[in-house]
Amino acid sequence: MTDLGASLRDLRVSAGFTLRQLAARVGASPAHLCLVENDHARPSLDLLSRLAPEFGLSVDALVEHLFEDRTARRSLEALAERLGERCPRLQDRSWRALLLRAQQEAGTALTEAAWLRLHAALEEALNLPVPGAPAVSEPAPRFAGAWGAARPAV
């Protein structure tokens with residue numbers, strides 16, 4: 001099996017579906033899904049759009065998941081499992097897909113500490129509240145407008 005078929009199978013198994021159950025849920029034949037999992041057929045965009053919600057993913061996140069580095073994904077999933085509720089955003093598959101995409105762009109394998117730094121950096125870059133952090137009551141920063149004039153804080 002190549003990574004695509006193996007990744008789909010891993011995703012199906014981790015979601016707790018048998019091949020027949022998943023096929024019934026997405027309106028596909030178990031034989032066709034078996035062909036996809038064994039890399040004898042490629043999933044169509046239509047099939048991917050029906051599979052994605054079953055795994056709690058967008059189509060984009062599913063495609064990223066299917067074509068990503070399985071070693072990196074397993075490393076990140078192990079970290080998410082170990083941290084559990086202490087790091088709730090890591091429990092979100094779409095968030096992990098974003099982290100994996102950032103890791104792919106970096107082109108390097110990440111240690112546990114590096115995954116956590118990347119996670120924190122993405123939260124900060126996206127200006128997401130960090131779970132467990134105190135609320136900040138500072139005024140919003142002022143940004144320069146299109147012609148350099150300062151806009152009033154909202």
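Each value, and the rule that gives it
Residues numbered from 1 in each chain as written. Predicted model: local features only at pLDDT ≥ 70, side-chain atom pairs only at ≥ 80, totals over all residues. Heavy atoms only, no water. Helix = DSSP H or I, 4+ residues; strand = E, 2+ residues; numbered from the N terminus. Buried < 20%, exposed > 50% of the residue type's maximum accessible area, 1.4 Å probe, protein only. Polar contact = N/O pair within 3.5 Å; in protein donor to acceptor, adjacent residues only side chain to side chain. Arc of directions from axis to C-beta. Axes fitted to C-alpha atoms, helices over the stretch in contact; angles between N-to-C directions. Parallel < 35°, antiparallel > 145°, perpendicular 65-115°, else oblique. Contact = heavy atoms within 4.5 Å. Nonpolar A, V, L, I, M, F, W, Y, C, P; charged D, E, K, R; others polar. Salt bridge = Lys/Arg side-chain N within 4 Å of Asp/Glu carboxyl O. 1 Å grid on protein atoms, 1.4 Å probe; cavity = no way out; pocket = protein on both sides within 12 Å on 5 of 7 lines; lining within 4 Å. Points joined across faces, edges and corners; volume = space filled by probe spheres on them. Phe/Tyr/Trp six-rings, centres within 6.5 Å; stacked < 30°, edge-to-face > 60°. Lys NZ or Arg CZ within 6 Å of the ring centre and 35° of its normal. Core = buried A, V, L, I, M, F, W, Y, C linked by side-chain atoms within 4.5 Å.

Engineer: With reference to specific residues and values, describe the side chain of His119.
Structural biologist: One can find His119 in helix α8 (residues 112–125). Look at His119 and you get buried, because its relative accessible area is 6%. Within the structure, His119 has its side chain in polar contact with the side chain of Trp95 (distance 2.8 Å).

Engineer: Which residues make up helix α2 (residues 19–26), and what are the values?
Structural biologist: When α2 is considered as a whole, its buried residues turn out to be Leu22, Ala23 and Val26. Here the buried residues of α2 occupy an arc of 100° about the axis, which is enough to place them on one side. Across from the buried face of α2, at angles greater than 90 degrees, the exposed residues are Arg20, Ala24 and Arg25. A positive phi of about 70° marks Gly27, the residue just after α2.

Engineer: Residue-level account of the packing of helix α7 (residues 93–106) against α8, with values.
Structural biologist: One way to put it is that α7 packs onto α8 with a least axis distance of 10 Å and a crossing angle of 110°. Considering their axes alone, α7 and α8 lie roughly perpendicular with respect to each other. Between α7, through Trp95, Leu98, Leu99, Leu100, Ala102 and Gln103, and α8, the contact on the second element is made entirely by Trp115, Leu118, His119, Leu122 and Glu123. Across the contact of α7 with α8, the residue classes tally to 8 nonpolar, 2 polar and 1 charged.

Engineer: Summarise the pattern of salt bridges; cite the residues concerned and give the values.
Structural biologist: A complete count under the given rule lists 3 salt bridges for this structure. Salt-bridge contacts for Arg25 lead to Glu54; the nearest nitrogen and oxygen are separated by 2.4 Å. One end of the pair, Arg25, is in helix α2; the other, Glu54, is in the loop between α4 (45–51) and α5 (59–67), and 29 residues separate them in sequence. Here Arg50 makes a salt bridge to Asp46, at a shortest N to O gap of 2.8 Å. On the criterion of helical spacing, the pair formed by Arg50 and Asp46 is a turn pair, its members being 4 residues apart in helix α4. Overall, Arg50 belongs to the partly exposed group, its relative accessible area being 29%.

Engineer: Could you give me a rundown of the layout of surface pockets, with the residues and numbers involved?
Structural biologist: Taken as a whole, the largest pocket holds about 200 Å³ of empty space. If you trace the largest pocket, you find 13 residues lining it, with Leu11, His65, Arg73, Glu77 and Arg96 closest to the centre. Contributing elements (two or more residues each) for the lining of the largest pocket: α1 (3–14), α6 (70–83) and α7. No other element matches α7, which puts 4 residues into the lining of the largest pocket. Looking at side-chain class alone, the lining of the largest pocket contains 4 nonpolar, 2 polar and 7 charged residues.

Engineer: Tell me what's going on with the side chain of Ser7, and back it up with residues and numbers.
Structural biologist: On the secondary structure map, Ser7 appears in helix α1. Residue classification places Ser7 among the buried residues on the basis of a relative accessible area of 0%. Discounting chain neighbours no more than four positions away, the residues touching Ser7 are His65, Leu66, Arg70 and Arg73.

Engineer: Can you break down the packing of aromatic side chains residue by residue, with the values?
Structural biologist: Inspection of every chain in the model, using the stated rule, returns 1 aromatic pair. Positioned above the aromatic ring of Trp95 is the side chain of Arg89, whose terminal nitrogen or guanidinium carbon lies 5.5 Å from the ring centre.

Engineer: Tell me about the nonpolar core, residues and numbers included.
Structural biologist: Core analysis: the largest hydrophobic core is formed by 21 residues, its most contacted members being Leu22, Leu47, Leu51, Phe55 and Leu62. Of all the elements in the fold, those that place two or more residues in this core are α1, α2, α3 (30–37), α4 and α5. Apart from residues lying up to four places away in sequence, Phe55 is in contact with Leu8, Leu11, Arg12, Ala15, Phe17, Leu22, Leu62 and Arg93. Grouped together as the second largest cluster of nonpolar side chains are 13 residues, Leu79, Cys87, Trp95 and Leu99 included.

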